[in-house]
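# Overview (structure and organization)
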Amino acid sequence: MNVLSPSILSADFAHLAEAADLVAHGGAKWLHIDVMDGHFVPNITLGAPIVKSLRKYSELVFDVHLMIEKPERYIDDFIAAGSDFITFHIESTEAAGEIIDRVHAAGKKVGITLKPGTPVEAVEPYLDRVDMVLIMTVEPGFGGQAFMEDQLEKARFLVQYKKRTGKDFHIEVDGGVNLKNVRRCLEAGINVIVAGSAVYRGDVTQNAADFMRILGE
Ligand code: DX5
Ligand code: ZN
């Protein structure tokens, strides 16, 4: 089952509830929410209070991508805010195992992610315990950057791992994905597609529907 997770980073932050509705009308079931702290990445976006407010207006699966130092400090807030998936960076913490356990204990799904320069082996010790691995195909921090094709090698590694071990988890891609390169992501074994600027520029509902058509092929 392929999933589209539109990133509201490229939406109008004054109209987030409407931004969620627009992609839901295009058929999206998930919403990707980028949390940045100005330390782990050189940009600041939004925090748990906004996730909590948005939760009242949307039934989409909230796919929360934490780009913050020491995410263990805020995990409980994002759980309480109504996140469904919480994904953290392996480079941002020394408490990866603890984070995974705490998210699971709350009955939520947990993802692990890595920057383009981090080898995929860095997340290998946790692959038997996570619900999703997110492959970054841009340096985290900003929307609208160019897709780093070489990162798809990490997806191939993860597909092999799943085959070898029988473990099951989603493989998500985030950064520079558009209607032209999305098929290459699917071919590499990715099943969750994040797209920010490619969805939120122009006719948002139509863009989401165009992605959904390709994801359903
Ligand atoms: C970047 C964020 C992405 C961003 C993607 O740090 O994690 O989710 O919104 O935006 P596009 O699709 O425009 O690269
Ligand atoms: Zn993201």
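Right above here is the structure, for reference.
Description of the structure in this document. (Residues numbered from 1 in each chain as written. Chains lettered and ligands numbered in written order. Predicted model: local features only at pLDDT ≥ 70, side-chain atom pairs only at ≥ 80, totals over all residues. Heavy atoms only, no water.)

### Focus on the overall build of the protein chain
This is how the line gets drawn: Strands are runs of DSSP state E lasting at least two residues, helices are runs of H or I lasting at least four, and both sets are numbered from the N terminus onward. Atoms counted for the radius of gyration: C-alpha only. Globule rule: 2.2 Å times the number of residues to the power 0.38. In this scheme, a residue with accessible area under 20% of its type's maximum is buried, one over 50% is exposed, and one in between is partly exposed, where area comes from a 1.4 Å probe on protein chains only. Contact definition: two residues touch when any of their heavy atoms are within 4.5 Å.
Within the protein chain, the regular secondary structure consists of 8 helices and 8 strands. A globule of 217 residues ought to have a C-alpha radius of gyration of about 17 Å, and the protein chain, at 16 Å, matches this closely. Each principal axis of the C-alpha atoms in the protein chain carries an extent, and together these give about 40 × 35 × 30 Å. The buried share of the protein chain, reckoned over its 217 residues, is 54%. If you take every contact in the protein chain between residues at least 6 apart in sequence, the share linking residues at least 24 apart comes to 65%.

### Quick look at the coordination of the zinc ion (ligand 2)
Geometry reference: four tetrahedral donors at a metal, ideal angle 109.5 degrees. Six octahedral donors, ideal angles 90 or 180 degrees. The following threshold applies: Sites may look incomplete, because water is not among the atoms used; the donor set itself consists of N, O and S atoms within 2.8 Å of the metal (3.2 Å for Na, K and Ca). Square planar and octahedral assignments, for four and six donors respectively, both demand that opposite donors be over 155 degrees apart and that all other angles lie between 65 and 115; tetrahedral needs four donors with all angles between 85 and 135 degrees, and anything else is irregular.
Coordination of the zinc ion (ligand 2) by the protein comes from His32 (NE2), Asp34 (OD), His65 (ND1) and Asp174 (OD), over a distance range of 2.0 to 2.3 Å. Geometry at the zinc ion (ligand 2) is octahedral, judged from its 6 donor atoms and the angles of 70 to 170° they form at the metal.

### With respect to the layout of surface pockets
What counts is decided by this rule: With a 1 Å grid spanning the protein atoms alone, the term cavity applies to any set of points in which a 1.4 Å probe fits but cannot get out, the term pocket to an open set with protein on both sides within 12 Å along at least five of seven lines, and the term lining residue to any residue with an atom within 4 Å of a point. Grid points are joined across faces, edges and corners, and a volume is the space filled by probe spheres set on the points. When residues are grouped by polarity, Ala, Val, Leu, Ile, Met, Phe, Trp, Tyr, Cys and Pro land in nonpolar, Asp, Glu, Lys and Arg in charged, and all others, Gly among them, in polar.
Quantified by volume, the largest pocket comes out at close to 310 Å³. Together, 27 residues line the largest pocket, and Gly143, Gly144, Gly176, Gly196 and Ser197 are the ones closest to its centre. Among the elements of the structure, strand S2 (30-36), strand S3 (61-67), strand S8 (192-195) and helix H7 (197-200) are those that each provide at least two residues to the lining of the largest pocket. Among the elements that take part in the lining of the largest pocket, S2 stands out by supplying 3 residues, more than any other. Partitioning the lining of the largest pocket into residue classes produces 11 nonpolar, 12 polar and 4 charged.

### Considerations on the packing of aromatic side chains
Convention followed: Side-chain rings of Phe, Tyr and Trp (the six-membered ring for Trp) are treated as a pair once their centres are within 6.5 Å; stacked means planes under 30 degrees apart, edge-to-face means over 60, and tilted covers the remaining angles. Charges are assigned to positions over rings by a cutoff of 6 Å between ring centre and Lys NZ or Arg CZ, combined with an angular limit of 35 degrees from the ring normal.
By the definition in use, this model includes 2 aromatic pairs. Between Tyr161 and Phe169, the aromatic rings sit 6.1 Å apart at their centres with planes inclined by 40°, giving tilted as the arrangement. Of the residues examined, Tyr161 reaches a relative accessible area of 7% and is grouped as buried. Relative accessible area serves as the criterion here: at 3%, Phe169 is assigned to the buried category. Over the face of the ring belonging to Phe62 we find Arg55, whose NZ or CZ atom lies 3.6 Å from the ring centre. For the cation-ring pair, Lys115 lies above Phe40, with the distance from its terminal atom to the ring centre recorded as 4.4 Å.

### Considering helix H8 (residues 204-215)
Note the following rule: Multiply 1.5 Å by the residue count of a helix minus one, and that product is the helix's expected span. Think of it as the arc spanned by the lines of direction from the helix axis to the C-beta atoms.
Helix length check: H8 (12 residues) gives 17 Å between terminal C-alpha atoms against 16 Å at 1.5 Å per residue, within 8%. Three or more residues of H8 are buried, namely Val204, Asn207, Ala208, Asp210, Phe211, Ile214 and Leu215. Angular distribution of buried residues about the axis of H8 spans 155°; they occupy a single face of the element. Residues of H8 that are buried sit in contact with strand S1 (3-6), helix H1 (16-25), helix H6 (182-187), S8 and H7.

### Considerations on helix H2 (residues 48-55)
Of all the residues in H2, the buried ones are Ala48, Val51 and Leu54. Buried residues of H2, seen end-on, are gathered within an arc of 125° and therefore sit on one face of the element. Exposed residues on H2 whose side chains face more than 90 degrees from its buried face are Pro49 and Lys52. Buried positions along H2 lie against H1, S2, S3 and helix H3 (75-80).

Interpretation in functional terms is not warranted from these geometric data alone.
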